[in-house]
Amino acid sequence: MGGESGATGLDVGNAIQGERVVVSTPHGPVVVTVCGDRARLACVTFHDVGLRHSSCFQGLLVVASAERASFPGRFCFYHIDAPGAEEGARGLPEGFRGLTMRKLADAVGSVIDHFSLEGALGVGVGAGGYVLCQAAAERPAAFDGLVLVSPLARPPDWWEWGLGHTARATLRLQGWTNWGVDHVLMRLFSAQAREFNGYTYGGDLIQSFRRELTSLDPEGVEEFLGAVLGREDLVPECTGRVQCGSLVISGDLSGFSHHALQLSQALLREGSRRGVVGGGCALVTIDGAGSLVTEERPQAIVNSIELFLRRLGQEGKFL
């Protein structure tokens, strides 16, 4: 797959807002926003629950462009929105009801086939990291690198399962309530970001995400959350199957930081087994951040992504 090696001064809006393409999958249509010249290297993204692609990745791309990082201008972005999370969504296609992580991984595979992508960079956050890692295990040729931000990797523990299903019931019966919103924000942001500041819970960032969250179709969020709570253990599935280099990033205040650690250890062991110099996986922990590092502390991860891509470039990828 061909591409450009340097930054192009891309307007960050052109990396988030682009051509809306509806892709058929075995379970129904998904919306992919294609941003940039398709002749460039491909970057496939998948967001976390309670988000869509714009709210998940805009902060990172804004900061990366401001700091003149190369990657916003080097890639054509294929932003996949989970069914029911796309702009204007009202419910899910029938085949996606009873949503599972497997169905989402199938959708990623359909997107890869639709656009004939090979050797892409995958960037996933939270549940999106799980989905892309699963897709990379099933289609090794499709990805030359993975950036996994606070990826979910192990089955839910009792507190996540219990609180999550309570939030699902609230969304299903009442739509958006303060409790449902707070639960999703708790998954995404650190307690520091969400703390009471004397007037409201959370500052401008959290208030912005409250508004963004309640603009999402509650059925879509409820289904995505159900898929997340029903996930299987990703670590055994990745062992021996994920062949590309990976960068795992985690906020130290994330409730899922142990997932990132255990997944990175598994990917590192696999890379070492295959004789990859350095093991092929790096773990970066960001102080003072929750799971959604791309929005809470984007400035802290730009250099790590640049160094990761530079290392892959030295291996003949992403040139």
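Residues numbered from 1 in each chain as written. Predicted model: local features only at pLDDT ≥ 70, side-chain atom pairs only at ≥ 80, totals over all residues. Heavy atoms only, no water.

Time to look at the packing of aromatic side chains. Inspection of the entire model under this criterion finds 5 aromatic pairs. Between Phe-46 and Phe-224 the ring centres are 6.4 Å apart and the planes differ by 75°, which places this aromatic pair in the edge-to-face class. Pair noted here: Phe-46 is in strand β3 (residues 41–46) and Phe-224 is in helix α10 (residues 218–229), with a separation of 178 residues, a long-range link. Grouping residues by exposure puts Phe-46 and Phe-224 together as buried. Here the aromatic rings of Phe-189 and Phe-209 are separated by 5.1 Å at their centres, their planes lie at 70°, and the arrangement is edge-to-face. Of this pair, Phe-189 sits in the loop between α7 (178–188) and α8 (191–194) while Phe-209 sits in helix α9 (residues 204–214); the two residues are 20 residues apart in sequence, bridging distant segments of the chain. Phe-209 matches Phe-189 in its accessibility class, with the two residues each being buried. (Phe/Tyr/Trp six-rings, centres within 6.5 Å; stacked < 30°, edge-to-face > 60°. Helix = DSSP H or I, 4+ residues; strand = E, 2+ residues; numbered from the N terminus. Buried < 20%, exposed > 50% of the residue type's maximum accessible area, 1.4 Å probe, protein only.)

Size it by volume and the largest pocket reaches roughly 190 Å³. Around the largest pocket, the lining is made up of 13 residues, and of these Ile-16, Thr-33, His-53, Ser-54 and Glu-87 lie nearest the centre. At the level of secondary structure, the elements contributing two or more residues to the lining of the largest pocket comprise β2 (28–35) and α2 (53–66). By residue number, the principal contributor to the lining of the largest pocket is α2, which donates 3 residues. Residues of the lining of the largest pocket, tallied by class, amount to 2 nonpolar, 6 polar and 5 charged. (1 Å grid on protein atoms, 1.4 Å probe; cavity = no way out; pocket = protein on both sides within 12 Å on 5 of 7 lines; lining within 4 Å. Points joined across faces, edges and corners; volume = space filled by probe spheres on them. Nonpolar A, V, L, I, M, F, W, Y, C, P; charged D, E, K, R; others polar.)

The next point concerns the sheet that holds strand β6 (residues 143–149). Pairing is mixed across the open sheet formed by 8 strands, whose spatial order is β1-β2-β4-β3-β5-β6-β7-β8. Two strands in the sheet have a free side with no partner beyond their single neighbour: β1 (19–25) and β8 (281–286). Adjacent strand axes in the sheet meet at a mean angle of 20° when their direction is disregarded. In terms of strand pairing, β2 meets strand β4 (residues 75–81) through 5 bridges, oriented antiparallel. Each residue of the ladder has a partner; that of Val-31, found in β4, is Asp-81. Across the sheet, helix α12 (residues 257–273) touches β6, β7 (245–251) and β8, and the angle it forms with β7 is around 160°. (Pairing = 2+ DSSP bridges. Axes fitted to C-alpha atoms, helices over the stretch in contact; angles between N-to-C directions. Contact = heavy atoms within 4.5 Å.)

Everything listed here is a matter of geometry and, on its own, says nothing about what the molecule does.
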